[in-house]
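# Close look at the chain arrangement
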Amino acid sequence: MPTIPQISFSSAKPPKKGVVAVMCGQDGTLPESVVELAAGAAVQKAIAASEFKGGFGKTLTVHVPEGSELDRVIVIGMGNIADLSEYSWLKLGGTTFAALNGAAKAAIMLQQPEGADPVGPEQAADFAMGLQLAAYRFDHYKTKSDAKSKEKAARISVHLKSATRANKAWENAQGVAGGVMLARDLVNEPPNVLNPVEFAKRAGQLKKLGCDVEILDEKAMEKLKMGALLGVSRGSRNPARMAIIQWKGGKPKDKPVAFVGKGVTFDTGGISLKPPSGMEDMKGDMGGAAAVTGLMHALASRKAKANVVGIIALVENMPDGDAQRPGDIVTSMSGQTIEIINTDAEGRLVLADALWHCNKKFKPKFMVNLATLTGAILVALGNHHAGLFSNDDELSEQLSGAGEVTEERVWRLPVSATYDKLIDSKFADMKNSGGRYAGSITAAQFLKRFVGDTPWAHLDVAGTAMGSPQTEINKSWASGFGVRLLDRLVADHYED
Ligand code: BES
Ligand code: MN
Ligand code: ZN
């Protein structure tokens, strides 16, 4: 597990020693309590004498002269307070963590400059989430201590007026942050450690939070006739698993909402082998399943008032004497037959059976699936938006809205009958690749054939789950994309 800072809120005045961070308004205005610090005059002078003008996300470190027990005062620019969005508070938390520069103990005065409203509990909780997510590192396979992260601010106290309410809000936000970090851990883990069986075991740990977890082994999946998923798994010595995670926080009779994740723990491409360069990144081909697992962790931790199903389909795609071939025809659980054109288009095969099973067993209000499905989505959208494909305008708008608030953004692309034609097969009901053009769309068309009339959305997270740009709140290869987005979707639209 990563080392993360311990964050607590307090209404007491911060200690007048050690490292203290303070907030600063646009024109360099400070809260009165800062001016009253023993070093207040030195800080004011430093601000006046520097380029620092309190702009959003800018910081100034003042080393306090002799005569004060303070070591450093770190001034954090908030910019124009009226412009601060929810996500701004996460960013400020991340910026503050970076500016603490590895201090083992620090106090943060979370007070806005004179005249502005006091910081509210939700804002404080978002700030703390930003701190914690920024602190996340995945370095437990490094055995030399000097290669390990030095930035391990161990104990951080956040001082503000509404500490009691902030602590309550933080309980929930901490659950969400925990879900994001769990998703990051799963994606960062090497593929020799995190195979389908190990992943399923980790999903089983959600029982501790009150989830029901059922694990299907290959025998159970054979019984359910999941021929598409099992075809992918044939080439691997590591047997496939499907984990069905349920959180029952809503009214007993309420239909659940459902999330389904692609969990290819390693994707070599199979017989249609990928080129070697960059293949190591394919340990992250379970980013969809990681997000679903992290989401369930978040929802259960904050005891969301909703019934939620999370299904993760776990396989490894390997070349082998027993692997499936291009030309093979497999029968999916739905009964529809699929001609394998390219064994590297394996994610859709795995999801076909997972979506079908989910729909049949739970009759959910909607299904959202997440998958690192196509390289083509990187060509279309880069790392800044996930691709969104859907048969339902309302669900799409809810997802886009949640994306704006959390800054885990999605961009809708089309699905239609003309694109659907591209995956018709000469020999079977469909083929698993529609060729190079519109590669992300034809992948979505494939999935759409397994969701019936249920409102459904597919998020192609190949560009956002891993290797995405470093931000104030993510310094890790794996971003945990999707956890905050979908937690927000549930919170805003599907809780009693
Ligand atoms: N896992 C890959 C997609 C991927 C690419 C994820 C880059 C993350 C980064 C997927 O299984 C795949 O190989 N897709 C093929 C589909 C093609 C064979 C129709 C692709 O995108 O090339
Ligand atoms: Mn593939
Ligand atoms: Zn894949």
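Scroll up for the structure.
Residues numbered from 1 in each chain as written. Chains lettered and ligands numbered in written order. Predicted model: local features only at pLDDT ≥ 70, side-chain atom pairs only at ≥ 80, totals over all residues. Heavy atoms only, no water.

### Comments concerning the overall build of the chain
Which entries qualify depends on this criterion: Every helix listed is a DSSP run of H or I at least four residues long, and every strand listed is a run of E at least two residues long, numbered separately from the N terminus. For this measure, only C-alpha atoms enter the radius of gyration; the expected value for a globule follows 2.2 Å times N^0.38, where N is the number of residues. The cut-offs for exposure are 20% and 50% of the maximum accessible area for each residue type, with area from a 1.4 Å probe on protein chains only; residues under the lower value are buried, those over the upper are exposed, and the others partly exposed. Contacts are assigned to residue pairs that have any heavy atoms within 4.5 Å of one another.
In terms of helices and strands, the chain carries 15 helices and 17 strands. Over its C-alpha trace the chain gives a radius of gyration of 24 Å, about what one expects of a compact globule, namely 23 Å for 496 residues. Judged by the C-alpha coordinates and their principal axes, the chain covers about 85 × 50 × 40 Å. Counting the 496 residues in the chain, one finds 57% classified as buried. Considering only residue pairs separated by 6 or more positions, the chain has 78% of its internal contacts joining residues 24 or more positions apart.

### Remarks on the coordination of the manganese ion (ligand 2)
Spelled out, the test is: Donors, by definition, are the N, O and S atoms found within 2.8 Å of a metal, the threshold being 3.2 Å for Na, K and Ca, and water is not counted, so a site can look incomplete.
Around the manganese ion (ligand 2), the protein supplies Asp267 (OD), Asp344 (O), Asp344 (OD) and Glu346 (OE) as donor atoms, at distances of 2.0 to 2.2 Å. Each donor residue of the manganese ion (ligand 2) belongs to the same chain, with the gaps between them written as D-x76-D-x1-E. By relative accessible area, Glu346 is classed as buried at 1%.

### Examining the site of ligand 1
Convention followed: By convention in this text, a residue qualifies as near a molecule or strand provided that one of its non-hydrogen atoms is within 4 Å of it. Polar contact is defined as a pair of N or O atoms within 3.5 Å, subject to the rule that within protein one atom must be able to donate a hydrogen and the other to accept it, and that residues adjacent in sequence are counted only when both atoms are side-chain atoms. Grid points spaced at 1 Å over the protein atoms alone were grouped into cavities, where a 1.4 Å probe fits but cannot get out, and pockets, open sets with protein on both sides within 12 Å along at least five of seven lines, with lining residues defined by an atom within 4 Å of a point. Pocket occupancy is defined atom-wise: a molecule lies in a cavity or pocket when more than half of its atoms are within 2 Å of its grid points. Lys, Arg, Asp and Glu make up the charged group, whereas Ala, Val, Leu, Ile, Met, Phe, Trp, Tyr, Cys and Pro make up the nonpolar group; the residues left over, Gly among them, are polar.
Not every one of the 17 residues close to ligand 1 is listed here, only the nearest: Lys274, Asp285, Asp344, Glu346 and Gly375. Within the side chain of Glu346, a nitrogen or oxygen atom sits 2.8 Å from an oxygen atom of ligand 1. One of the backbone N or O atoms of Thr372 is found 3.4 Å from a nitrogen atom in ligand 1. Counting atoms within 2 Å of the grid points, the majority share of ligand 1 lands in the largest pocket. Tallied by class, the residues present in the shell around ligand 1 amount to 5 nonpolar, 5 polar and 7 charged.

### Here we look at the layout of surface pockets
For clarity, the threshold we go by: Grid points are joined across faces, edges and corners, and a volume is the space filled by probe spheres set on the points.
If you add up the space inside the largest pocket, you get close to 750 Å³. Considering the residues around the largest pocket, the lining is formed by 30 residues, among which Lys274, Leu373, Thr374, Gly375 and Ala376 are closest to the centre. Within the residue set of the lining of the largest pocket, elements represented by two or more residues are β9 (257-267), α10 (347-362), α11 (376-381) and α14 (439-448). Taken together, the residues of the lining of the largest pocket break down into 8 nonpolar, 13 polar and 9 charged.

### Description of the nonpolar core
Basically, it comes down to this: For this analysis, a nonpolar core means a set of buried residues of the types Ala, Val, Leu, Ile, Met, Phe, Trp, Tyr and Cys, connected via side-chain atoms within 4.5 Å.
Ranked by size, the top nonpolar core spans 99 residues in total, and within it Phe9, Leu110, Phe259, Val368, Leu459 and Leu486 carry the most contacts. Once you skip the residues sitting within four places of it in the chain, Val368 turns out to touch Ala258, Phe259, Val260, Leu395, Leu399, Ala457, Leu459 and Leu486. Counting 40 residues, the second-largest nonpolar core is a separate cluster that includes Ala313, Val315, Val350 and Leu351.

### Details of the coordination of the zinc ion (ligand 3)
Applicable threshold: Every geometry call rests on angle ranges, with four donors termed tetrahedral when all angles are between 85 and 135 degrees, four termed square planar and six termed octahedral when opposite donors are over 155 degrees apart and all others are between 65 and 115, and everything else termed irregular.
The coordination sphere of the zinc ion (ligand 3) contains the protein donors Lys262 (NZ), Asp267 (OD), Asp285 (OD) and Glu346 (OE), at a distance range of 2.0 to 2.4 Å. In this structure, the zinc ion (ligand 3) is surrounded by 6 donor atoms whose angles at the metal cover 77 to 175°, and the resulting shape is octahedral. Mapped onto the sequence, the donors of the zinc ion (ligand 3) take the spacing K-x4-D-x17-D-x60-E. Between the zinc ion (ligand 3) and the manganese ion (ligand 2), a separation of 3.1 Å is found, and both are coordinated by Asp267. A residue pair is termed long-range when its members are at least 10 positions apart, and Lys262 in strand β9 and Asp285 in the loop between β9 and α9 (287-301) qualify at 23 residues. Pair check on accessibility: Lys262 and Asp285 agree, each one buried.

### Things to note about the pairing of strand β2 (residues 18-24)
Side-chain direction in a regular strand flips from residue to residue, so the side chains alternate between the two faces of the sheet. The condition that has to hold: For two strands to be treated as a pair, DSSP must find no fewer than two bridges joining them.
Of all 7 residues in β2, 7 are buried, a share of seventy percent or more. Both β2 and strand β4 (residues 70-77) contribute to a ladder of 7 bridges, which runs parallel. Considered in β4, the bridge of Ala21 is made with Ile74.

### Details of the sheet that holds strand β16 (residues 430-431)
The strand order β11-β12-β16 describes an open sheet built from 3 strands, whose pairing is mixed. The sheet is open, and its two borders are formed by β11 (329-331) and β16, each paired with just one other strand. Across 2 bridges, strand β12 (residues 337-339) lies against β16 in parallel orientation. Residue pairing across strands places Ile338 opposite Met430, the latter belonging to β16.

### Details of the packing of aromatic side chains
Inclusion rule: Stacked, tilted and edge-to-face pairs are distinguished by plane angle, under 30 degrees for stacked and over 60 for edge-to-face with tilted covering the rest, among Phe, Tyr and Trp rings (Trp via its six-membered ring) whose centres lie within 6.5 Å.
Using the criterion set out here, one finds 4 aromatic pairs in the structure. Plain terms: the ring middles of Phe138 and Tyr141 are 5.9 Å apart, the flat faces sit at 45° to each other, and that makes the pair tilted. Using a relative accessible area of 22% as the deciding quantity, one classes Phe138 as partly exposed. Relative accessible area serves as the criterion here: at 44%, Tyr141 is assigned to the partly exposed category. Relative to Phe366, the ring of Phe259 lies with its centre 5.7 Å away and its plane at 80°, an arrangement referred to as edge-to-face. Here the residue Phe259 occupies a position in strand β9, and Phe366 occupies one in the loop between α10 and β13 (367-371), the gap between them amounting to 107 residues. The same class applies to Phe259 and to Phe366, which are both buried. One aromatic cluster is present, formed by Phe259, Phe366 and Tyr494 through successive ring pairs.

### Brief notes about the pattern of salt bridges
Any two side chains of opposite charge can pair, so long as their charged atoms come close to each other. Formally: Salt bridge, as used here, is a side-chain nitrogen of Lys or Arg placed within 4 Å of a carboxyl oxygen of Asp or Glu.
Scanning all chains against the criterion turns up 21 salt bridges. Of the charged contacts in the structure, one is a salt bridge between Lys201 and Glu198, with a shortest N-O distance of 3.8 Å. Placement of the pair is Lys201 and Glu198 together in helix α6 (residues 196-204), with a separation of 3 residues, close to one helical turn. In this structure, Glu198 engages Arg202 in a salt bridge whose closest nitrogen and oxygen atoms are separated by 2.8 Å.

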